[in-house]
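Examination of the molecular architecture
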Amino acid sequence: MNLKKKICMLGVYSVGKTSLVRSFVSSIFDDKYLSTVGVKIDKKLVEIEGQPIEFLLWDIAGEDEHFSVPSSYLRGASGYLLVMDGTRKDTFDRALDLQFRTEDAIGPIPFIVVLNKVDLADEWQIGPQELARLDKMNWTFIKTSAKTGAGVEEAFHKLGQKVLHP
Amino acid sequence: MTKDPADSGSDKFPDEQEPQEVFEIEELRQLITGPERIRIDQIRERLDNPERRIHDLSQILPEAISLRTSQDEKIAKAIAPTVEKAIESSIKTNRKVLVDVLFPVMGPAIRKAVASTIHGMIQSFDKTLEHSLSLRGLKWRLEALRTKKPFGEIVLLHTLLYQVEQIFLIHRKSSLVIQHVTSKDIKTEDPDLVASMLSAIRDFVQDSFKLEKEECLDTLCMGTDRTIWIEQGEQALIAAVIRGNPPSDLRSTLRETLDTIHLGHGEALEAFDGDTTLFEAVRPDLEGCLQSRYKQKQKKDFPLFWVLLGTAVFLIAILSFFSIQGHRRWAKYLERLKDEPGIQVTSAEKRSGLYHVYGFRDPLASDPADLLIKDKLKPDDFVFNLESYTSTHPQVVLKRIDKILESPETVNLELKDGVLNISGSASHPWIAEMREALKTITWISKYDDRNLADQDENAFALLKGKIEQRFFLFEFRSAEMLAGQEPELRAFIEDLKNFFNLAKGLEKAVQIEIVGHADSLGTENANLVISQERAEKILSIILKENLDPQSFRTSGLGSRELFREERTNQDRELNRRVTIRVIG
């Protein structure tokens, strides 16, 4: 079986979405696509329970006051990584808002919350209260570091499991 | 329980009859009408029950409609308004259902009919606009004027050349590649990434320009000769990467392929979850879209063609003429070369436009290049590969002997039957050297120089005669020479010098005798004395010129050998003389 899945990378501006995938994917496109078309697509092969799955990663430009994620980019996705910057508390709330809007646009699909930049422990701002909120909503979250690679593979693997068994 | 209507037909009221009688009548009635009553009850129940009636009607309705439809058009007319209202209602309520149903069936038929009518016109119009202002367009416009064909037709004639390099079948919702096929030898990037990015760009364009769902991006141009054509269906789209200028009916082909895929795999497309193995079967359909068409040369009924053809034929004729002429010259030259003394041709060929000659050549043979010029051939066209050898051809042998002997121009050499004939004249030393040299030459059997004159011997003989003809006159009874004889004496001395040189070269021992004479007037003794004195006188003059005294001797003959009988004084004067004799 040759399985492909569309996966979106969501998160506000500068949370490290592009850095998260840069070292772990095969790519033919330049990052400038992010600032022009608003998305850059990369490919990552993961193996879940012996089944290889090709992830087509839609790295969608981070939201800011000038840009919001187009729903057309989300259409047909099998799952997504909701990326937050652990050193910026505001990205937490904005990510929650983005998740609600995403679900509103394309319905409930599997996703994983990624708390990025765990290597910057001194600047960490997302504390137990926020994590408790995630637990309460029964959201799966993983702390990652694009810099060291910690948690990145695990995040993709967990999302793969969710996608395979939604 | 339902009341039986037969009860109302009795002649008596029940209370007026006997019970036994009533029972019997009832029993009899049951026996006679029982089965019919049951049947009637069943029919009544079916008629009174709407659900049963619907069921019964559904059993016979299709056949009934079919039967009536075959008889007349009343059924069609009767249900037409209802069907129309139903369709109208369906469209108002949810047009997607009807679109989904009709799209795969109606789409191809409509497109085929419309496309076949207008595609030529649209294509011609598009291409005409595209090329009308370009330089090439102007050239083609001239061609259209010349051939009296529509400009659009000329444009198409030159531009119908294309190749479909790649076909993507892309799931519309997820943008995932369902299948991807390529033409031979086409290098491609990762089709999944390309297709996804292509979808993203289409979404980007659609969102940016707020386009309707049906108004999506369907053509992308890359440079001057590559385009992407996109045909969109309900569940999937086809993207064709094309090089060149495809005809518009290619789009119809793409469309029909997409419709065929929808028709055969509609449900699988709707349920597509990323597993592409289910769609391997559509690859042949997609490969059918990998079309290519190459430009074919058009026959042109145009004078220029004939002019060019004529020119070509003329040029070919000219070239053939020169080629034949060149070949003849080459053959003639080869024959001449083979006959040339001192040259042996072993093989010859024309290769890479050059004539190559192989063989041997004596260094004294003629230069082959000189012969080329004689035959009006260009030396640059020839390559000579001639090894050096010693020829025994008489002419070359003669040249070789001539070179060895360093023959003077006065000598003629001739070789006949192995005998070298030497004629003419040459100096004595050259003749001597020649004879020595010929002893060592083996190319001749013998030589004959009888006709070769020794120039020095001749000169010697000539000079000897000249010297012996000299005489000098003297005064009466005196040893003094008559005046005026100095020039003659000088010439005599020069002759003597040359004579002695020649004699030396000829290795001859010679001596000059100076003989004095006297007239007959005096006594014998006196005349002897005077004649001796006169001879001594001449010798003394000669010896002043550094000539060897040993080469001379003098004698006085008196008047014993008179030159002339003395009748006059003039006779006696001629007898007072000195004469010269050469001895040896």
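Residues numbered from 1 in each chain as written. Chains lettered and ligands numbered in written order. Predicted model: local features only at pLDDT ≥ 70, side-chain atom pairs only at ≥ 80, totals over all residues. Heavy atoms only, no water.

1. Here's the deal with the overall build of chain A
Using the following cut-off: Helix and strand assignments come from DSSP, with helices taken as H or I runs of at least 4 residues and strands as E runs of at least 2, each series counted from the N terminus.
From N to C terminus, chain A includes six helices and six strands. Overall, chain A shows an N-to-C arrangement of helices and strands of β-α-α-β-β-α-β-α-β-α-β-α.

2. Quick word on helix H11 (residues 394-405) of chain B
Residues and elements named next belong to chain B. We apply this condition: Here the expected span of a helix is defined as 1.5 Å times the quantity of residues minus one. Categorising residues by exposure relies on relative accessible area from a 1.4 Å probe, with only protein chains included: less than 20% of the type maximum marks a residue as buried, more than 50% marks it as exposed, and the intermediate range marks it as partly exposed. Of all possible arcs, the one meant is that of the directions from the helix axis to the C-beta atoms. Residues count as neighbours in contact if any of their non-hydrogen atoms are within 4.5 Å of one another.
With twelve residues, H11 should cover 16 Å at 1.5 Å per step; its first-to-last C-alpha distance of 16 Å lies within 8% of that length. The complete set of buried residues in H11 reads Val396, Val397, Arg400, Ile401 and Leu405. End-on view of H11: buried residues confined to an arc of 165 degrees, all on one side of the axis. In H11, those exposed residues whose orientation departs by more than 90 degrees from the buried face are Gln395 and Lys403. Each element contacted by the buried residues of H11 is listed here: strand E10 (411-416), strand E11 (419-426) and helix H12 (428-438). At the exit of H11 stands Glu406, carrying a positive phi of roughly 50 degrees.

3. With respect to the side chain of Glu566 of chain B
All names here are of chain B. Worth spelling out the cut-off: In protein, a polar contact requires one atom able to donate a hydrogen and another able to accept it; more generally it is a pair of N or O atoms within 3.5 Å, and residues adjacent in sequence count only if both atoms are side-chain atoms.
Mapped onto the elements of the fold, Glu566 is located in the loop between strand E15 (552-556) and helix H16 (569-575). Within the local environment of Glu566, its side chain forms a polar contact with the side chain of Asn575, the two groups lying 3.1 Å apart. Beyond its immediate sequence surroundings of up to four residues, Glu566 is in contact with Asp519, Ser520, Leu521, Asp571, Arg572 and Asn575.

4. Some thoughts on the pairing of strand E9 (residues 382-388) of chain B
Residues and elements named next belong to chain B. Worth spelling out the cut-off: Only strands joined by at least two bridges in the DSSP assignment are considered to pair. The handedness rule is simple: strands pointing away from the viewer, and a clockwise path from the first strand over the helix to the second, make the crossover right-handed.
In terms of strand pairing, strand E8 (residues 354-361) meets E9 through seven bridges, oriented parallel. Its bridge partner lying in E9, Gly359 is registered against Leu386. In terms of handedness, the path from E8 via helix H10 (residues 368-374) over to E9 forms a crossover that is right-handed.

5. Here we look at the interface of chain B and chain A
The figure often quoted for interface size is the accessible area lost as the parts come together. Here is the rule we go by: Only one rule defines a salt bridge in this text: a Lys or Arg side-chain nitrogen within 4 Å of an Asp or Glu carboxyl oxygen. Note that Gly is not counted as nonpolar here; it falls among the polar residues with everything else outside the nonpolar set of Ala, Val, Leu, Ile, Met, Phe, Trp, Tyr, Cys and Pro and the charged set of Asp, Glu, Lys and Arg.
Taken together, the contact between chain B and chain A spans 24 residues of the former and 26 residues of the latter. At the junction of chain B and chain A, the tally comes to four salt bridges. Ionic pairing is found between Asp192 of chain B and Lys43 of chain A, a salt bridge with its closest N-O pair at 2.8 Å. Applying the counting criterion to the chain B and chain A interface returns nine residue pairs in polar contact (both at pLDDT 80 or more). Its residues assigned to classes, the side of chain B that touches chain A shows eight nonpolar, seven polar and nine charged.

6. A closer look at the nonpolar core
Within soluble globular proteins, side chains that are nonpolar generally end up buried alongside one another. The following threshold applies: The criterion is simple. A nonpolar core is a set of buried Ala, Val, Leu, Ile, Met, Phe, Trp, Tyr and Cys residues joined through side-chain atoms within 4.5 Å.
If you look at the biggest cluster of nonpolar residues, it comprises 53 residues, and the most contacted ones within it are Leu82 and Met84 of chain A together with Ile167 of chain B. Among residues more than four places away in sequence, those in contact with Ile167 of chain B are Gln179, His180, Val181, Ile238, Ala239, Ala240, Leu254, Leu286, Cys289 and Leu290 of chain B.

7. Regarding the packing of aromatic side chains
Here is the rule we go by: Each Phe, Tyr or Trp ring, with Trp reduced to its six-membered ring, pairs with another whose centre is within 6.5 Å; inter-plane angles below 30 degrees give stacked pairs, above 60 give edge-to-face pairs, and intermediate values give tilted ones. The criterion for a charge sitting over a ring is simple: Lys NZ or Arg CZ within 6 Å of the ring centre, and within 35 degrees of the ring normal.
Here the structure, examined in full by the defined rule, presents 18 aromatic pairs over all chains. Ring centres of Phe111 of chain A and Trp139 of chain A lie 4.9 Å apart, and the angle between their planes is 85 degrees; this geometry places the pair in the edge-to-face category. Of this pair, Phe111 of chain A sits in strand E5 (residues 111-116) while Trp139 of chain A is found in the loop between helix H5 (128-136) and strand E6 (141-143), placing the two residues 28 residues apart along the sequence. What makes Trp139 of chain A buried here is its relative accessible area of 10%. Put simply, the rings of Trp330, Tyr333, Tyr355, Phe382 and Phe384 of chain B pair up and form one aromatic cluster. In this structure, Lys6 of chain A is placed above the aromatic ring of Trp58 of chain A, and the distance from its NZ or CZ to the ring centre is 3.7 Å. Note that Arg251 of chain B overlies the ring of Trp229 of chain B, its terminal NZ or CZ placed 4.6 Å from the centroid.

8. Points about the sheet that holds E5 of chain A
Rules: Fitted lines through C-alpha atoms serve as axes, helices being fitted only where they are in contact, and the angles separating the N-to-C directions of these axes extend from 0 to 180 degrees.
What the six strands build is an open sheet, ordered E2-E3-E1-E4-E5-E6 (chain A); its pairing is mixed. Looking at strand neighbours, the two that pair on one side only are strand E2 (39-48) and E6 of chain A, the edges of this open sheet. Ignoring which end each strand starts from, the neighbouring axes of this sheet average 25 degrees apart. Note: E5 of chain A against E6 of chain A, three bridges, orientation parallel. Across the sheet, the residue bridging to Val113 of chain A is Phe141 of chain A, located in E6 of chain A. Each of strand E4 (79-85), E5 and E6 of chain A touches H5 of chain A; the most contacted strand, E6 of chain A, lies at about 145 degrees to it. Of the strands in this sheet, strand E1 (3-11), E2 and strand E3 (51-60) of chain A touch helix H6 (residues 191-208) of chain B, which is tilted by about 140 degrees from E2 of chain A.

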